[in-house]
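# Chains, contacts and geometry: an overview
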Amino acid sequence: MKEKDLKRIREEIADSNDLIQRYRLRESIDEQNAWNLFLEKFQMSFKTQSLNDNDGGKVIPINQSKQPYSKFRIFHGHSTLLRIAAVVLLVIAGGAFWYHSDYTRVTPPEISEDVHLAMRKSTESGHNAADVVSINNGHTMPITKEEKILYHVDNDFAKQLAEAKRITTYKDKEFWVTLEDGTLVHLNYNSRLIYPEKFGDRRDVILEGEAYFMVAKDKSRHFIVHTPKGDVKVYGTEFNVNTRKDDEAVSVVLVYGSVSFSSNGREMMMQPGQELTVVDTQLLLTTTDIAPYVAWNEGKFSFQAWPLERVMTVLARWYGYQVKFLDDDIRQKSIDGCFSRYNDIQSTLKGLESALGVNFMIVNQTIIINQ
């Protein structure tokens, strides 16, 4: 073979070796780039072995070296465990924080525009009035020892009453009060509410008379209304309680939410639209119309199939009048209607005249009714 042919073959072999080396270098670079992109996605970085060794500059593709892979497996394994642990801890911490904040969060009741309007009109008309007494420094208990037994006041509750308020409404007045937790209480006439200035681990009040409660939601603390016949226990809801002595009974009407009534070791759950009446030791649960109670709380008189005699008893007490029927036959006339509690007496009587076809006349402080 001629010399020039041998030279050409040697050059082709050299070119082939160079091509192989170039191909291997490019392959290793592409694979390295792929790994880098993979690691960037997981926000990880580590040093891989140099493509060129320190001895001879020979190209060492990654797939020929086990070191980068083993480094990656070790580092990636620890990182994954750390990341999983971190995520788990974050989930647990977040869940615990959410549960704690939700469990301990106090949510004030939603007060409707009708209730706000009633509160304003009550104040403007002079009906929002009561005798308010503060009991401070523990010098005087707001209740007697006999009442402490009557209202089931334990030692923890008694300690909170060392600084308390006692609100007593008049015979023809009502009173609105917002408690420390945001609970709104609407007291009816001749009623008394005793409550701590500041609630502690529990929320307890004492009621004598009648009141409509809009209780702030607090999953960590019950709200308990103590009455002579038993205790009303709630978390956050609306209900009406009546403990009138002349009725010799306690009545609880649940408007919204869920409450229970406890008496003599027994507890009875209630649902919205139910009325629980306690007579002596008997607990009677019935379905009732909540409209009159909601109306009263919103500053209205709501009469549904009420006899006129009963209607006039309510109106006379509210407006401060006496009532005299000249015809006994009209006492039992039934009436359905809704009137503002803050209208003047003349407007209310005119509405009744139109509805019943009877005549009203006011002489001094007496309303005279005839056919």
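Rules and cut-offs
- Residues numbered from 1 in each chain as written.
- Predicted model: local features only at pLDDT ≥ 70, side-chain atom pairs only at ≥ 80, totals over all residues.
- Heavy atoms only, no water.
- Pairing = 2+ DSSP bridges.
- Helix = DSSP H or I, 4+ residues; strand = E, 2+ residues; numbered from the N terminus.
- Axes fitted to C-alpha atoms, helices over the stretch in contact; angles between N-to-C directions.
- Phe/Tyr/Trp six-rings, centres within 6.5 Å; stacked < 30°, edge-to-face > 60°.
- Buried < 20%, exposed > 50% of the residue type's maximum accessible area, 1.4 Å probe, protein only.
- Lys NZ or Arg CZ within 6 Å of the ring centre and 35° of its normal.
- Salt bridge = Lys/Arg side-chain N within 4 Å of Asp/Glu carboxyl O.
- Expected span 1.5 Å × (residues − 1).
- Arc of directions from axis to C-beta.
- Contact = heavy atoms within 4.5 Å.
- Polar contact = N/O pair within 3.5 Å; in protein donor to acceptor, adjacent residues only side chain to side chain.

Our next topic: the sheet that holds strand β2 (residues 130–135). Adjacent strands of a sheet pair through backbone hydrogen bonds, lying either parallel or antiparallel. One open sheet holds the eight strands; their spatial order is β2-β3-β6-β7-β10-β11-β14-β15, and the pairing between them is mixed. Unpaired on one side and paired on the other, β2 and β15 (266–270) mark the two borders of the sheet. Pairs of neighbouring strands in the sheet enclose a mean axial angle of 20 degrees, with direction left out of account. Here three bridges tie strand β6 (residues 192–196) to strand β7 (residues 203–208), and the two strands are oriented antiparallel to one another.

What follows covers the packing of aromatic side chains. Using the criterion set out here, one finds nine aromatic pairs in the structure. Arranged with centres 5.9 Å apart and planes meeting at 15 degrees, the rings of Phe301 and Phe303 form a pair that is stacked. Residue Phe301 is classed as buried on the basis of its relative accessible area of 3%. One aromatic cluster is present, built from ring pairs that chain together Phe301, Phe303, Trp306, Trp318, Phe339 and Tyr342. Above the face of the Trp306 ring, Arg310 is positioned so that its terminal group lies 3.6 Å from the ring centre.

Bringing the pattern of salt bridges into the picture now. If you walk through the whole model with that rule in mind, you get 12 salt bridges. Between Asp181 and Arg203 there is a salt bridge; the shortest N-O distance is 2.5 Å. On the criterion of sequence distance, the pair formed by Asp181 in the loop between β4 (175–178) and β5 (184–187) and Arg203 in strand β7 is long-range, its members being 22 residues apart. Like Arg203, Asp181 is buried. For Asp218, the salt bridge identified is with Arg221, shortest N-O distance 2.7 Å. With a relative accessible area of 13%, Arg221 lands in the buried category.

So, on to helix α8 (residues 345–356). Over its 12 residues, α8 runs 16 Å from end to end, which matches the ideal 16 Å to within 8%, given 1.5 Å per residue. Listed in full, the buried residues belonging to α8 are Ile345, Thr348, Leu349, Leu352 and Leu356. Each buried residue of α8 sits inside an arc of 95 degrees when the element is viewed along its axis, so together they form one side. With respect to the buried face of α8, the exposed residues turned more than 90 degrees away are Lys350 and Ser354. Elements that come into contact with the buried residues of α8 comprise α7 (308–319), β20 (334–340), β21 (359–363) and β22 (366–370). For α8, the side-chain oxygen to backbone nitrogen distance between the N-cap and Gln346 is 3.1 Å, and the N-cap itself is Asp344.

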